[in-house]
Amino acid sequence: MRKLNILFRVSGGRAPGKELGNGHIFRSMHLAHHFKKHNILFLLEDYGGAKKILYENGFKNIIIIQKDINLKNYINKTKKIIKNKKIDLLIHDVYKVKNEYLKHIKKYTKTILITDLKKFKYSADLVINGFIGFKNQRISLNDGRVRCLGPKYQILDNRFSKIKKIKKKYELLVTFGGFDENNLTELFIEQLIKSKIKTKTRIIHGPSSKKTNEIKKLEKKHPKSFTIIPFGDMYKEMSLAKFGLCSGGITTYEFATLGIPFAIISQLTHQTITAKVWEDAGIAINLGLNNKTTGQKIASFLENINTIQLKKNTNKHLNLNGNGGTIVYEEIMKLLD
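Because the structure is a prediction, the values reported are computed rather than measured. (Residues numbered from 1 in each chain as written. Predicted model: local features only at pLDDT ≥ 70, side-chain atom pairs only at ≥ 80, totals over all residues. Heavy atoms only, no water.)

## Notes on the sheet that holds strand β10 (residues 201-204)
Filter applied, for reference: DSSP calls a pair of strands paired once it identifies at least 2 bridges connecting them. Only runs of H or I of at least four residues qualify as helices and only runs of E of at least two qualify as strands under DSSP, and these elements are numbered from the N terminus. Between N-to-C directions, angles cover 0 to 180 degrees, with each direction set by a line fitted to C-alpha atoms, over the stretch in contact for helices. A contact between two residues is defined here by any heavy atoms of the two lying within 4.5 Å.
If you trace the six strands from one edge of the open sheet to the other, you get β11-β10-β9-β12-β13-β14, paired in parallel fashion. With partners counted over all chains shown, the strands left at the sheet margins are β11 (227-229) and β14 (284-289), one partner each. For this sheet, the mean inter-axis angle between neighbouring strands, taken without regard to orientation, is 15°. Against the sheet, helix α8 (residues 250-257) contacts β9 (170-175), β12 (241-246) and β13 (262-266), and its axis sits at roughly 160° relative to β12.

Spelled out as structure tokens, the structure:
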């Protein structure tokens with residue numbers, strides 16, 4: 001097969017009030033690695049720091065699109081790129097895509113939509129939705145469109161498909177996403193220091209988050225209570241932990257795939273839907289949406305962390321085996337047959 005020209009349309013970065021972090025960026029990069037023999041172009045809506053993440057991971061062919069662009073200009077901009085760059089595939093992974101956009105663009109190139117919200121009826125040629133609440137299934141529609149639903153299609157770093165037994169280094173790994181919008185990190189550290197239970201803790205603050213003066217002060221005053229880094233190798237960091245604490249999002253699928261018990265503090269309203277499904281399945285502890293009681297809930301979680309018993313083997317009924325990226329790649333290639 002000739003080299004394909006593939007356009008990834010993504011958004012991410014520091015975006016207060018946008019219900020957006022860096023999850024879409026990392027998921028798209030994980031999928032893009034399967035297309036490394038082809039020509040890859042990113043159309044990026046950057047709210048701060050997203051271009052740097054792509055660049056540092058080897059993706060340097062990037063076009064910046066205006067933030068919050070109106071629909072008409074958005075369609076025209078995309079059409080122009082498709083024509084000029086001879087795009088064979090558009091892979092769209094942004095929050096709250098407009099179906100009118102997809103319906104229009106699919107007239108000019110094959111369109112793939114990546115999402116994990118509780119919705120899948122879109123006009124794209126191929127819809128990939130790895131939402132934990134969906135039954136794993138592949139649906140072929142009469143007009144040739146395909147919908148792949150369920151957690152087996154969740155796209156992760158391919159190393160999650162090759163789980164190895166590693167000696168645990170930390171009791172707890174904490175990460176509240178690429179952009180800690182509600183400053184949960186500071187709240188967690190305050191509760192950790194107050195806790196009578198000494199828990200060896202590693203914190204990944206997020207590449208788009210900035211340390212507050214209070215975090216710097218606590219880090220200096222209590223250097224042995226925790227370690228904190230801006231970003232890290234998530235597969236490696238998770239593999240070294242016994243327990244996890246995170247916001248909703250792709251991180252929950254990563255912890256679950258590794259069989260690591262975890263708790264969720266939702267930063268955003270739409271994350272509460274996923275958190276409840278994890279809780280109902282007995283796989284995670286749902287600490288709810290961030291509010292005035294969150295500090296108390298963190299304190300209780302820390303106090304009881306060593307007695308937490310959750311389902312560690314999720315593979316049998318959810319098929320969370322880390323192969324989602326490969327499966328999705330194969331589905332996309334079928335689209336071109």
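## Structural notes on unusual backbone geometry
Test applied: Residue exposure (1.4 Å probe, protein chains only): buried if accessible area is under 20% of the type maximum, exposed if over 50%, otherwise partly exposed.
The backbone of D68 shows a phi angle near 55°, a positive value even though the residue is not glycine. Looking at the secondary structure, you find D68 in the loop between β3 (62-64) and α3 (71-85). According to the relative accessible area criterion, D68 is partly exposed, its value standing at 47%. Of note in the backbone geometry, N183 takes a positive phi value of approximately 55° without being a glycine. By the element assignment, N183 lies in the loop between β9 and α5 (184-194). Residue classification places N183 among the partly exposed residues on the basis of a relative accessible area of 23%.

## Describing the packing of α5 against helix α10 (residues 294-304)
Worth spelling out the cut-off: Here the word oblique covers every angle except those under 35 degrees (roughly parallel), over 145 (roughly antiparallel) and from 65 to 115 (roughly perpendicular). Less than a right angle of anticlockwise turn of the near helix away from the far helix marks a crossing as left-handed, whereas a clockwise turn marks it as right-handed.
Two numbers describe how α5 lies on α10: the axes approach to 9 Å, and their chain directions differ by 50°. The angle between α5 and α10 places the two elements in the oblique class. Crossing of α5 against α10: the hand is right-handed. For the pair α5 and α10, the contacting residues are L184, L187, F188, Q191 and L192 in the first and T294, G295, I298, A299 and L302 in the second.

## Some details on the side chain of Q191
Summarising the element assignment, Q191 is placed in helix α5. By relative accessible area, Q191 is classed as buried at 13%. In this structure, Q191 is in contact with G295, I298, A299 and L302, ignoring residues within four places of it in sequence.

## Brief notes about the pairing of strand β4 (residues 89-93)
Across the five residues that make up β4, a large majority, five, are buried. Two strands pair when backbone bridges link them, and strand β1 (residues 5-12) and β4 are joined in this way by five bridges, in the parallel orientation. The partner of I6 across the bridge, within β4, is L89. As defined by bridge partners, β4 adjoins strand β5 (residues 110-115) across four bridges and the pair is classed as parallel. Bridged to H92 within β5 is L113.

## What about α10?
How we decide: Relevant arc is that of directions from the helix axis to the C-beta atoms, nothing else.
The set of residues buried in α10 consists of T294, G295, I298, F301 and L302. For α10, the buried positions fall inside an angular range of 120° around the axis, keeping them on one side. The outward face of α10, more than 90 degrees from its buried face, is lined by the exposed residues Q296 and E303. On its buried side, α10 packs onto β9, α5, β12, β13 and β14.

## Focus: the nonpolar core
Rules: For the purposes of this section, nonpolar cores are sets of buried Ala, Val, Leu, Ile, Met, Phe, Trp, Tyr and Cys residues that join through side-chain atoms within 4.5 Å.
In terms of nonpolar packing, the biggest core is built from 32 residues, with L31, F42, I91, I112 and I332 touching the most fellow members. The greatest single-element share of this core, amounting to five residues, is contributed by helix α12 (residues 324-335). The contact partners of F42, leaving out residues within four places of it in the chain, are L7, F8, V10, S28, A32, L54, F59, N61, I62 and I63.

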